[in-house]
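The chain contents come next:
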Amino acid sequence: MHGPVAYTDGACLGNPGPGGWGARILYADGTVCELGGRATATTNNRMELQAAIAALQVLHTSPQVAIFTDSRYVIDGLTKWLRAWRRRGWVTSTNTPVKNRDLWMTLEGLSHSGVRWQHV
C-alpha cells in the first residue's frame with residue numbers, strides 16, 4: 001500500500017444522543033489531515049459511517065487508500081451486506097428497512113476497488 005492511510009472513529013453518548021466523529025489521514029510525505037464533526041441527536045453507527053464518508057470525501061481521487069476502523073458495522077456493511085440490501089430494495093434479510101440508508105448510499109458512491117478496509 002503506497003497511498004494514504006485513514007483512521008476513523010465515531011461515538012455517541014447514549015444511543016441515540018449527542019455524538020461525534022473523527023478521521024485522521026496520513027499521507028506518504030508525512031502530511032496529516034484531521035477531520036471531525038458532531039451531531040446533537042444521532043447514533044453510534046451514524047457517526048462511524050460519517051467518519052468513513054469524510055475520509056473518503058478527502059481521498060476520493062487516491063487510487064489506493066487504507067481505512068482503519070473499529071466498526072464491524074461499516075466494514076461488513078460495505079463488504080458483505082450492501083449488495084443484498086440493494087438487490088432486495090434496501091431491506092434487510094429480516095425484511096426491515098436498512099437503517100442509515102442515506103449514509104450507506106453516500107459511502108457506496110465514494111468507495112472504490114482501491115479502498116482497503118481494515119478492522120482494528
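Each remark here, short or long, concerns the structure printed above.
It should be emphasised that the depicted structure is a prediction, and the values quoted were computed from it without experimental measurement.

### Concerning the packing of aromatic side chains
Here is step 1: Counted under the stated rule, the structure contains five aromatic pairs.
Here is step 2: Taken together, a centroid distance of 6.4 Å and an interplanar angle of 40° make the contact between tryptophan 85 and tryptophan 90 tilted. Neither residue differs from the other here; tryptophan 85 and tryptophan 90 are each classed as buried.
Here is step 3: The interplanar angle of 65° and the centroid separation of 5.2 Å between the aromatic rings of tryptophan 85 and tryptophan 104 together place this pair among those described as edge-to-face. One end of the pair, tryptophan 85, is in helix H2 (residues 72-87); the other, tryptophan 104, is in helix H3 (residues 101-110), and 19 residues separate them in sequence. An identical accessibility class is assigned to tryptophan 85 and tryptophan 104; each is buried.
Here is step 4: Grouped by ring-pair contacts, the aromatic residues Tyr73, Trp81, Trp85, Trp90 and Trp104 constitute a single cluster.

### Let's talk about the side chain of threonine 42
Here is step 1: One can find threonine 42 in strand S3 (residues 32-42).
Here is step 2: Apart from the residues within four sequence positions on either side, threonine 42 is in contact with Cys12, Asn15, Pro16, Gly17, Pro18, Gly19 and Met47.

The rules behind these values
- Residues numbered from 1 in each chain as written.
- Predicted model: local features only at pLDDT ≥ 70, side-chain atom pairs only at ≥ 80, totals over all residues.
- Heavy atoms only, no water.
- Phe/Tyr/Trp six-rings, centres within 6.5 Å; stacked < 30°, edge-to-face > 60°.
- Buried < 20%, exposed > 50% of the residue type's maximum accessible area, 1.4 Å probe, protein only.
- Helix = DSSP H or I, 4+ residues; strand = E, 2+ residues; numbered from the N terminus.
- Contact = heavy atoms within 4.5 Å.

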